[in-house]
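# Commentary on secondary and tertiary structure
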Amino acid sequence: MASSNPFASILKTLEKPGGGEFGKYYSLPALGDPRIDRLPYSIRILLESAIRNCDEFQVKAKDVEKIIDWENSSPKQVEIPFKPARVLLQDFTGVPAVVDLACMRDAMNKLGGDSNKINPLVPVDLVIDHSVQVDVAGSENAVQANMELEFQRNKERFGFLKWGSNAFHNMLVVPPGSGIVHQVNLEYLGRVVFNTEGILYPDSVVGTDSHTTMIDGLGVAGWGVGGIEAEAAMLGQPMSMVLPGVVGFKLSGKLRDGVTATDLVLTVTQMLRKHGVVGKFVEFYGEGMGELSLADRATIANMSPEYGATMGFFPVDHITLQYLKLTGRSDETVSMIESYLRANNMFVDYSQPQVEKVYSSYLELNLKDVEPCVSGPKRPHDRVPLKEMKADWHSCLDNKVGFKGFAIPKESQSKVVEFSHHGTPAQLRHGDVVIAAITSCTNTSNPSVMLGAALVAKKACELGLEVKPWIKTSLAPGSGVVTKYLEKSGLQKYLNQLGFHIVGYGCTTCIGNSGDLNESVASAISENDIVAAAVLSGNRNFEGRVHPLTRANYLASPPLVVAYALAGTVDIDFEKEPIGVGKDGKQIFFRDIWPSTEEVANVVQSSVLPAMFKATYEAITQGNPMWNQLSVPSSTLYTWDPKSTYIHDPPYFKTMTMSPPGPHGVKDAYCLLNFGDSITTDHISPAGSIHKDSPAARYLMERGVDRRDFNSYGSRRGNDEIMARGTFANIRIVNKLLKGEVGPKTLHSPSGEKLSVFDAAMRHKSEGQDTIILAGAEYGSGSSRDWAAKGPMLLGVKAVIAKSFERIHRSNLVGMGIIPLCFKPGQDAETLGLTGHERYTIDLPSSVSEIKPGQDITVVTDNGKSFTCTIRFDTEVELAYFDHGGILQYVIRNLIGGKC
């Protein structure tokens, strides 16, 4: 059991500059160990947490030594425990987390435990943000109209979260309409340094969205975890993690005139993806840091999932402190932050000589080498320099179907489709833009690119350029601060003139909430097989994510989004071809509307003010009228409504007893799905709109829900029945069992019937048959989604055999009791001659003590094949979760047993 902290002797008092004290802190310099001076700043945060939480039970002194000896221990893939300072949820992942907490209370009650023990033990910030469907665009009343529609659709879900904020202690709920979780985290929630009951320590956070990493730009260590891991952290469980390597990324020089932070982040993403940073921290340093605003840093940190790193970390320096003051943090708070970090050797002062840090590997970028670019058409790391865009587009039309290909026959590439839009003749060609969205936490938190977009709009309007009326344009800021500085600058009217009206504050197009295209446009695309394009300032452009009808999706800076909307096509060379014709009949080129870096900086300087941040976030605590009017019960146990199609009591604990079930193997399992490489959580997890012919739609219609009220999968994440039906329901999924056919179907074995994945899985379950999944490399890449693991578990999947896994998704599979297995290097289903029509047996020892992390396991098929895989339980703690049937069951049993 826990004992007193063996590091109590290094608990020091932090004095205030003018007298008095801020509090006490665990002093890293007081350890007197020279190895600490060479540690990357990101590793020092892990070290401080281990020291502060050391009780020789959950965190041991030997764990502290592993971290201090990082230089030698990290290459050995050693395991350490980590207790984050807080947990960050947004509503789409927050709902299932609160559902699980409510369900755990019921289970505790049933097993004779104290249900009120189920409470967050660390601060939980829950931001209701992923709730803006772009139903209404192109009008000045769009914000209110969309908000009213969201409350109509989501009243029950919002009410459930409001109940949770009252029923559970230590949980702050930020009401809908406040902004995107990551921008709210950056501008308001991020503490940088905590002062809890007189103890000071660095802010650190795990969040249920992979872009939690945006906070790394503020010097707060944060990254995405599965909802399952987040729930365990909320309940006081240490996160078990492999001590990561750290890639040192040196920045030098300065961005050239007209080059944006988005261009920089797409360049960094491509470099790091090529270098290989999965499972690692990236830490930025060098004299180029002084040329990057905090918002620029946050943009780079935000896209850590796209370059594959656990986080992209920017240590706190004078630019961080300036940003804290800009965003309304008090002078007293900023003084405490600076004093603590300086005292604990966690502050970077570039005016002082720098001690050489040791990194696992090194990269360097001179900022002057960055050039304007976009990424696409299907992956965020497929960067295309702007000057090469037209040629790249034509090669994509030519290439066979793949990440960079659409296989459009030469004779069809120049076809023109005539259609009527509200009675006006219109045309569509391959590459024409039908969605142009300034969206996503990646860019809307950055004033330079947002005001840059507004300056492009101003120049375009003054020259007489217009956006074609059938292009769906939208602007979704990450917080109300953006609206304030756009209005202060006097530039919002130009964005409005081009159709970029504010539609709401939250995630929109980037998460798939694009809303419907005009029917005439949709028909022209679908009936003529047009490869239509979306251009968005987002971070994800996987096929099928943005909109079902936009096969080409390009990530671009907000000013480029405006430029492409004006051009109306991605099939353009901005250097040589005009964007359009001005009011005087003169051809207008890209260079005529593009603002200089100095122009943008001047507008930022005069328009972005501290009072805007204070006013915006003071309003958050007051809520809004629709939220404040929601009436919720006061009980601490939730009363489940069996008729609800939003909130449903999941079956995770229905058969749970106090005895752990032990490890389970797999016997004669059928292959439910056979995949190639890069199957993302967008392919696996239900996301976006609910297709009218899907099993989820059938379920809703059977319960009297009209099609117009289907809402999105994200809004229904609190209902396991719908989410199970939406698992593997992506319309762009490619299943090898169907010999290349695209769509959410599979072959049921042994009948050979082609069924929806859900229907095939339910038939297997009803017949008492296990199923497995075969996959290629990077299985589960993309956003961290707990339903990408919960869904397969509910479908009866017992194991996934892949070439490699994305970090968070592998962890989530373990948390739901699914066995992750990796083929040996050089092997995969194809090289082993596996078709997916075999039956698979995976024998595991009957006791978890006989299984070791990363050991070899033999898989046998019914047609005589046998091959060896690595079992991807990476730590002893993960084996304990597997022994209990999942992480939540482990927590409940330990709470009842008094071990938590």
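Thresholds applied
- Residues numbered from 1 in each chain as written.
- Predicted model: local features only at pLDDT ≥ 70, side-chain atom pairs only at ≥ 80, totals over all residues.
- Heavy atoms only, no water.
- Helix = DSSP H or I, 4+ residues; strand = E, 2+ residues; numbered from the N terminus.
- Contact = heavy atoms within 4.5 Å.
- Areas by Shrake-Rupley, 256 points an atom, 1.4 Å probe, with all protein chains shown as cover.
- Lys, Arg positive; Asp, Glu negative; His and termini not counted.
- Charge placed at Lys NZ, Arg CZ, Asp CG, Glu CD.
- Pairing = 2+ DSSP bridges.
- Axes fitted to C-alpha atoms, helices over the stretch in contact; angles between N-to-C directions.
- Core = buried A, V, L, I, M, F, W, Y, C linked by side-chain atoms within 4.5 Å.
- Buried < 20%, exposed > 50% of the residue type's maximum accessible area, 1.4 Å probe, protein only.
- Phe/Tyr/Trp six-rings, centres within 6.5 Å; stacked < 30°, edge-to-face > 60°.
- Lys NZ or Arg CZ within 6 Å of the ring centre and 35° of its normal.
- Arc of directions from axis to C-beta.
- Disulfide = S-S within 2.5 Å.
- Parallel < 35°, antiparallel > 145°, perpendicular 65-115°, else oblique.
- Nonpolar A, V, L, I, M, F, W, Y, C, P; charged D, E, K, R; others polar.
- Salt bridge = Lys/Arg side-chain N within 4 Å of Asp/Glu carboxyl O.
- Left-handed = near helix turned anticlockwise from the far one by under 90°.
- Polar contact = N/O pair within 3.5 Å; in protein donor to acceptor, adjacent residues only side chain to side chain.
- Expected span 1.5 Å × (residues − 1).

## Description of the overall build of the chain
Scanning the chain from N- to C-terminus turns up 31 helices and 34 strands. Seen through its principal axes, the chain has C-alpha atoms that stretch 80 × 80 × 55 Å. Put simply, of all contacts in the chain between residues at least 6 apart along the chain, 75% involve residues at least 24 apart. Surface accessibility of the chain: about 31,600 Å² in total, with carbon and sulfur atoms responsible for 49%. The chain carries 89 positive and 100 negative side-chain charges, and their two centres are separated by 1 Å.

## Observations regarding the sheet that holds strand S34 (residues 866-871)
Pairing is mixed around the closed barrel formed by 7 strands, whose spatial order is S26-S29-S30-S31-S34-S33-S32. Direction aside, the axes of adjacent strands within the sheet are offset by 40 degrees on average. Bridge analysis of strand S29 (residues 771-774) against strand S30 (residues 797-802) gives 4 bridges, and the strand direction is parallel. Across the sheet, residue leucine 774 finds its bridge partner in S30, namely isoleucine 801.

## A word on the nonpolar core
Judged by nonpolar contacts, the single largest core of 269 residues is most densely connected at Trp223, Phe284 and Tyr779. Per element, the largest residue contribution to this core is 10 residues, and it comes from helix H4 (residues 91-110). Those residues in contact with phenylalanine 284, other than ones at most four positions away along the chain, are Phe249, Leu251, Val268, Leu272, Met289, Ile300, Tyr307, Gly312, Phe313, Phe314 and Pro315. Counting 27 residues, the second largest nonpolar core, distinct from the first, contains Cys671, Tyr840, Ile851 and Leu879.

## Thoughts on the pairing of strand S19 (residues 424-428)
Where strand S18 (residues 417-421) and S19 come together, 5 bridges link them in antiparallel fashion. Bridging from a neighbouring strand, phenylalanine 419 pairs with alanine 426 of S19. What sits between S18 and S19 in their antiparallel hairpin is a turn of 2 residues, with histidine 422 showing a positive phi close to 50 degrees.

## Observations concerning the sheet that holds strand S7 (residues 193-196)
Pairing within the open sheet is mixed, and its 4 strands lie in the order S1-S2-S8-S7. Of all strands in the sheet, those with a lone pairing partner are strand S1 (11-15) and S7, marking the two edges. In this sheet, adjacent strand axes meet at a mean angle of 40 degrees when their direction is disregarded. Bridging between S1 and strand S2 (residues 21-26) involves 5 bridges; their strand directions are antiparallel. Bridge assignment links threonine 13 to a residue of S2, and that residue is lysine 24. The strands touched by helix H1 (residues 41-52) within the sheet are S2 and strand S8 (199-202), with S8 carrying the most contacts at an inclination of about 145 degrees.

## Thoughts on the environment of valine 434
With respect to the element layout, valine 434 can be found in strand S20 (residues 433-438). According to the relative accessible area criterion, valine 434 is buried, its value standing at 0%. Sequence separation between valine 434 and methionine 793 is 359 residues, and the spatial gap between their C-alpha atoms is 38 Å. When near neighbours in sequence (up to four residues on either side) are disregarded, valine 434 contacts Leu428, Trp470, Ile471, Lys472, Leu517, Val521, Ile525, Ala532, Ala533 and Thr550.

## So, the packing of aromatic side chains
Working definition: an aromatic ring pair is given by the centre-to-centre distance plus the angle between the planes. Applying the stated criterion to the full structure yields 26 aromatic pairs. Ring centres of phenylalanine 151 and phenylalanine 158 lie 4.9 Å apart, and the angle between their planes is 70 degrees; on these two criteria the pair is classed as edge-to-face. On the accessibility criterion, phenylalanine 151 (7% relative accessible area) is buried. Note on tyrosine 564 and phenylalanine 574: the rings are 4.7 Å apart at their centroids and 50 degrees apart in plane angle, and the pair reads as tilted. Here phenylalanine 574 lies in the loop between helix H19 (558-567) and strand S24 (580-581) and tyrosine 564 lies in helix H19, a separation of 10 residues in the sequence. Neither tyrosine 564 nor phenylalanine 574 differs from the other in exposure class; each is buried. Connected via pairs of aromatic rings, a cluster forms that spans Phe160, Trp163, Phe168, Tyr638 and Trp640. The ring of tyrosine 41 has arginine 44 sitting right over it, with the charged end atom 4.6 Å from the ring centre.

## A look at the environment of phenylalanine 7
Looking at the secondary structure, you find phenylalanine 7 in the segment before S1. When its relative accessible area of 13% is taken as the criterion, phenylalanine 7 is described as buried. Spatially, the C-alpha atoms of phenylalanine 7 and glutamate 48 are 11 Å apart, while their sequence positions differ by 41 residues. Apart from residues no more than four positions distant in its own chain, phenylalanine 7 is found in contact with Tyr26, Leu31, Ile51, Cys54, Ala61 and Val64.

## With respect to helix H2 (residues 61-68)
Every buried residue belonging to H2 is among Asp63, Val64, Ile67 and Ile68, and all of these are buried. Down the axis of H2, the buried set is contained in an arc of 140 degrees. They therefore lie on one face. Buried residues along H2 sit in contact with H1, helix H3 (70-73) and strand S3 (79-82).

## Focus on the state of the cysteines
In this structure the tally under the stated criterion is 0 disulfides. Sulfur of cysteine 396: no disulfide; nearest cysteine sulfur belongs to cysteine 373 and is 15 Å away. The exposure class of cysteine 396 is buried, given its relative accessible area of 0%.

## Points about the packing of helix H6 (residues 181-189) against helix H22 (residues 610-622)
Contact pair H6 / H22: the axes reach a minimum separation of 11 Å and the direction vectors enclose 110 degrees. Relative to H22, the element H6 is oriented roughly perpendicular. Contacts between H6 and H22 involve Gln183, Val184, Glu187 and Tyr188 on the former and, on the latter, Phe613, Tyr617, Ile620 and Thr621. Class assignment for the residues of the contact of H6 with H22 results in 5 nonpolar, 2 polar and 1 charged.

## Focus on the pattern of salt bridges
Inspection of every chain in the model, using the stated rule, returns 45 salt bridges. We note a salt bridge from arginine 273 to glutamate 778, for which the minimum N-O separation is 3.1 Å. Taken together, the residues span a long stretch of sequence, with arginine 273 in helix H8 (residues 261-275) and glutamate 778 in the loop between S29 and helix H28 (787-795) at a distance of 505 residues. Look at arginine 273 and you get partly exposed, because its relative accessible area is 25%. Taking the relative accessible area as the measure of exposure, glutamate 778 reaches 29% and is therefore partly exposed. Its salt-bridge partner being glutamate 702, residue arginine 703 comes within 3.5 Å of it at the nearest N-O pair. What makes glutamate 702 exposed here is its relative accessible area of 59%. In this structure, a network of salt bridges that share partners links the residues Asp33, Arg35, Glu65 and Asp69.

## Notes on the pairing of strand S9 (residues 204-207)
Residues of S9 alternate between two faces, with Ser204 and Val206 on one and Val205 and Gly207 on the opposite face, all of them buried. As paired strands, strand S4 (residues 86-90) and S9 are joined by 3 bridges and run parallel to one another. By the bridge assignment, arginine 86 is partnered in S9 with valine 205. With 4 bridges joining them, S9 and strand S10 (residues 221-224) adopt parallel strand pairing. Bridge pairing in S10 links glycine 207 to glycine 224.

## So, the packing of H4 against helix H31 (residues 887-896)
Two numbers describe how H4 lies on H31: the axes approach to 11 Å, and their chain directions differ by 45 degrees. In terms of orientation, H4 lies oblique with respect to H31. Seen from above, H4 lies across H31 with right-handed handedness. Every residue of H31 that contacts H4 at Asp100, Met104, Ala107 and Met108 is listed here: Leu888, Val891, Ile892, Leu895 and Ile896. Of the residues that constitute the contact of H4 with H31, the class distribution is 8 nonpolar, no polar and 1 charged.

## Some remarks on the side chain of serine 361
Take serine 361: it is sitting in strand S15 (residues 361-366). At 3.0 Å, the side chain of serine 361 and the side chain of histidine 275 are in polar contact. Among residues more than four places away in sequence, those in contact with serine 361 are Val246, Val247, Gly248 and His275.

## Section: helix H15 (residues 447-463)
Relative to the 24 Å expected for 17 residues at 1.5 Å per residue, H15 spans 24 Å between its end C-alpha atoms, a close match to the ideal helical length. Judged by how many residues are buried, H15 sits mostly within the fold: 13 of 17 residues are covered. Remark: glycine 464 follows H15 within two positions and exhibits a positive phi of approximately 90 degrees.

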